[in-house]
Amino acid sequence: MKTIATKDAPAAIGPYSQGIVVNGLLFASGQIALDPNTGKLVGTTIEEQSAQVMKNITGLLAAAGTDFDHVVKATCFLADIGQFAAFNEVYARSFGEHLPARSAVGVAGLPKGALVEVEVVACVE
């Protein structure tokens, strides 16, 4: 088992790791739209926050030696499921042709008042 820690994604805001690699898989903790440098929430719209979330995930994937092409599962949490279409546009740009399995759910609230949180599982070669 290997713990992933990178400055290219926000530091954990609780008792958890940014990610863990075990048996060739990265299990990344959920990412909200925090700026890794300031720890502050970025953006006020679902599009702005989703872009930051995907940027944070990029950092975690890179730190584990993988990328979006190797993501096998994504779980997406939206504070307002009515904004799914807008979120989906940003999400789709990050994944391109590769489409992992995915769940998307509406939730009552997210840490720090975020609009979106995404966690991924990815193959690590």
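All values reported here derive from a predicted model rather than from experimental measurement. (Residues numbered from 1 in each chain as written. Predicted model: local features only at pLDDT ≥ 70, side-chain atom pairs only at ≥ 80, totals over all residues. Heavy atoms only, no water.)

1. Quick notes on helix α2 (residues 84-95)
Logical step 1: The terminal C-alpha atoms of α2, which comprises 12 residues, lie 16 Å apart, in line with the 16 Å expected from a rise of 1.5 Å per residue.
Logical step 2: Considered for burial, the residues of α2 that qualify are A86, F87, V90, Y91 and F95.
Logical step 3: Elements that come into contact with the buried residues of α2 comprise α1 (46-63), β4 (71-78), β5 (101-106) and β6 (116-123).
Logical step 4: Just downstream of α2, G96 is the residue with a positive phi angle, here 60°. (Helix = DSSP H or I, 4+ residues; strand = E, 2+ residues; numbered from the N terminus. Expected span 1.5 Å × (residues − 1). Buried < 20%, exposed > 50% of the residue type's maximum accessible area, 1.4 Å probe, protein only. Contact = heavy atoms within 4.5 Å.)

2. Details of the pairing of β4
Logical step 1: With 7 bridges joining them, β4 and β6 adopt antiparallel strand pairing. Within β6, the residue paired with L78 across the bridge is V116.
Logical step 2: Bridge count for β4 against β5 is 6 bridges, and the pairing is parallel. Note that in β5 the partner of F77 across the bridge is V105.
Logical step 3: In this view, the connection linking β4 to its parallel neighbour β5 by way of α2 has right-handed handedness. (Pairing = 2+ DSSP bridges. Right-handed = clockwise from strand over helix to strand, strands pointing away.)

3. Looking at the sheet that holds β6
Logical step 1: Taken together, the 6 strands give an open sheet; going across it, the order is β1-β2-β3-β6-β4-β5, and neighbouring strands pair in mixed fashion. Only two strands of the sheet have a single partner each, and these edge strands are β1 (2-4) and β5. Between one strand axis and the next, the sheet turns by 15° as a mean value, whatever way the strands run.
Logical step 2: Sheet topology note: the β1/strand β2 (residues 19-22) ladder contains 3 bridges and is antiparallel. What sits directly across from K2, in β2, is V21.
Logical step 3: The strands touched by α1 are β1, β3 (25-28), β4 and β6; relative to β6, the strand with the most contacts, the crossing angle is about 25°. (Axes fitted to C-alpha atoms, helices over the stretch in contact; angles between N-to-C directions.)

Keep in mind that these numbers describe shape and distance, not what the molecule does.
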